[in-house]
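# Observations on the three-dimensional arrangement
Residues per chain, in single letters:
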Amino acid sequence: MKSLFNNYKSLSICMLGFFFLAASTSFAQHETGEHHHDADHSVDHGHAHGHDDEPFNAGNMIIEHIADAHDIHLFGDVSIPLPVILKSEKGMHFFMSSAFHHGHDVVANNGAHFVMHHGKIVETDEHGTLHFEFEGRQHKARYIDTSGVPAKAALLNTLPLDFSITKSVFGLLFVLFLMVIIFRTAASGYKKRPGQAPSGLSNAIEPLVMFVRDEIAIPSIGEKHAHRFMPFLLTVFFFIWICNLMGLIPFIGGFNITGTIGVTLVLAFFVFIVTNFSGNKHYWGHLLWPPGVPFPIKLILVPIEVIGIVLKPIVLMVRLTANITAGHIIILAFVSLIFIFGQGGEAMGTGIGVGVGATLFMVFMFFIELLVAFLQAFVFTLLAALYFGDATQEAHH
């Protein structure tokens, strides 16, 4: 155990590699988000977010809370702005997301104008009016001047590249920092007390590390090869677990890191790379040309096995994303019931009754989610270890 904690450099390398790629994928995912709009849909961004007179929409509220954002919403109108980093034809643009004032204002920066459109930052004219139209298979953004005449047209893929520090990226960086502190502190504790029982943070973390080693790595991979994959397995386990717990802490922004497909894509990609680069002759031999199987059956079996190489990490990605996102949606759905049944004075009695029931069930689901946060980290790590075990399994005679 001491040697494992003291090998925190390997853990740090795993974390740095993962987080840089995960952050980059989050940038790309945020940039290539939904830009699908009706042909006649026009938006005046001076009033695009004026929902004061609109009825409560549970679907929009849930999507806004689980989606990525350019700020960290705390409560009410209180939020923490995050840096906006854009690349347009006019150069680089740097400013804080608070400049949009909750999406109401047009931001002028370095000769360009930007507006917040459905959570995405797009370039516009100084008036902030924007019209989307669909031509053939290409989406075009057409900017309208005050006379209603199209002043400029540009393909959507020429709109500014968004490299902003979004809520998910900020969460990644925070978890990276927290994990480095945890493992370095635990390793320092063992160095200061050689040959003695661990104390403090080392004592708190050791049972989880032993759990990953004794209940996941060794049974799934084998004692001979388990130590090779422990840095990766520990990184994945603690990352998923801490991210899931962050998403359950109220009033800190509602992080949904492992519910973001870009993050789970990177996790699954690393599992795919580690599995296939660790595969021995026995693994590839049974995969590409299984012995003892009739030739006609091989023609059917081999393509299935090859597809399975890619399908396994995809299943890991989808399963983790869907389970975490579903938990957030369920909790937010019960919160929405309070407002849906409580709208209007005539529904006051119903609203109070439903509100009490929804609140109690929401608290129950919250405690269930605490268990799910650990189970999802355990299941993902276990399946990854099983894949590594298959790749390094020795031939049996």
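## What about a nonpolar patch on the surface?
Taken together, the side chains of L288, W289, F295, L299, I300, I304 and V306 present a nonpolar region at the surface, about 710 Å² in accessible area. Among the elements that make up the nonpolar patch, the one with the highest residue count is helix α9 (residues 295-342) (5 residues). Summarising the element assignment, I304 is placed in helix α9.

## Notes on the environment of G91
With respect to the helices and strands, the residue G91 is situated in strand β5 (residues 91-96). Setting aside chain neighbours within four positions, we find G91 in contact with L86 and N110.

## Regarding the sheet that holds strand β6 (residues 107-109)
Taken in spatial order, the 3 strands make up an open sheet running β6-β7-β8, and their pairing is antiparallel. Each having just a single partner strand, β6 and β8 (120-124) make up the two edges of the open sheet. Averaged over neighbouring strand pairs, the angle between their axes works out to 35° when direction is ignored. Across 5 bridges, the pairing between strand β7 (residues 112-117) and β8 is antiparallel. From the neighbouring strand, M116 faces β8, where its bridge partner is I121.

## A word on helix α6 (residues 226-246)
Owing to its 3.6 residues per turn, the α-helix aligns residues three or four sequence positions apart on the same side. The end-to-end C-alpha distance of α6 is 29 Å, a good match for the 30 Å that 21 residues give at a rise of 1.5 Å each. Taking the largest bend as the criterion, α6 deviates by roughly 35°, centred on F232. Counting buried positions along α6 yields 17 of 21 residues, so the element is predominantly enclosed.

## Concerning the packing of aromatic side chains
Working definition: an aromatic ring pair is given by the centre-to-centre distance plus the angle between the planes. Following the criterion strictly, the structure yields 16 aromatic pairs and no others. A centroid spacing of 5.7 Å and a plane angle of 65° characterise the contact between F95 and F100, whose relative ring orientation is edge-to-face. Aromatic side chains F170 and F255 sit 6.4 Å apart centroid to centroid with 20° between the ring planes, which places their arrangement in the stacked category. Within this pair, whereas F170 is found in helix α4 (residues 167-192), its partner F255 is found in the loop between α6 and α7 (261-278), the two being separated by 85 residues in sequence. Look at F170 and you get partly exposed, because its relative accessible area is 34%. We classify F255 as buried; its relative accessible area is 4%. Members of the aromatic cluster, connected to one another through ring pairs, are F183, F211, F237, F238, W241, F374 and F378.

## Observations concerning the nonpolar core
In this structure, L233, F238, F239 and F388 are the most contacted members of the largest nonpolar core, which totals 43 residues. Taken together, the elements giving at least two residues each to this core come down to α4, α5 (201-221), α6, α7, α9 and α10 (348-392). Ignoring sequence-local partners within four residues, the contact set of L233 consists of V212, A217, I221, T381, A384, A385 and F388. Within the second largest apolar cluster, 9 residues are counted, among which are L86, F100, V107 and I121.

Basis of the calculations
Residues numbered from 1 in each chain as written. Predicted model: local features only at pLDDT ≥ 70, side-chain atom pairs only at ≥ 80, totals over all residues. Heavy atoms only, no water. Patch = residues over 30% accessible without salt bridge, like charges linked within 9 Å, V, L, I, M, F, W, Y side chains within 5 Å. Areas by Shrake-Rupley, 256 points an atom, 1.4 Å probe, with all protein chains shown as cover. Salt bridge = Lys/Arg side-chain N within 4 Å of Asp/Glu carboxyl O. Helix = DSSP H or I, 4+ residues; strand = E, 2+ residues; numbered from the N terminus. Contact = heavy atoms within 4.5 Å. Pairing = 2+ DSSP bridges. Axes fitted to C-alpha atoms, helices over the stretch in contact; angles between N-to-C directions. Expected span 1.5 Å × (residues − 1). Bend = angle between axes of the 7 residues up to and from the residue. Buried < 20%, exposed > 50% of the residue type's maximum accessible area, 1.4 Å probe, protein only. Phe/Tyr/Trp six-rings, centres within 6.5 Å; stacked < 30°, edge-to-face > 60°. Core = buried A, V, L, I, M, F, W, Y, C linked by side-chain atoms within 4.5 Å.

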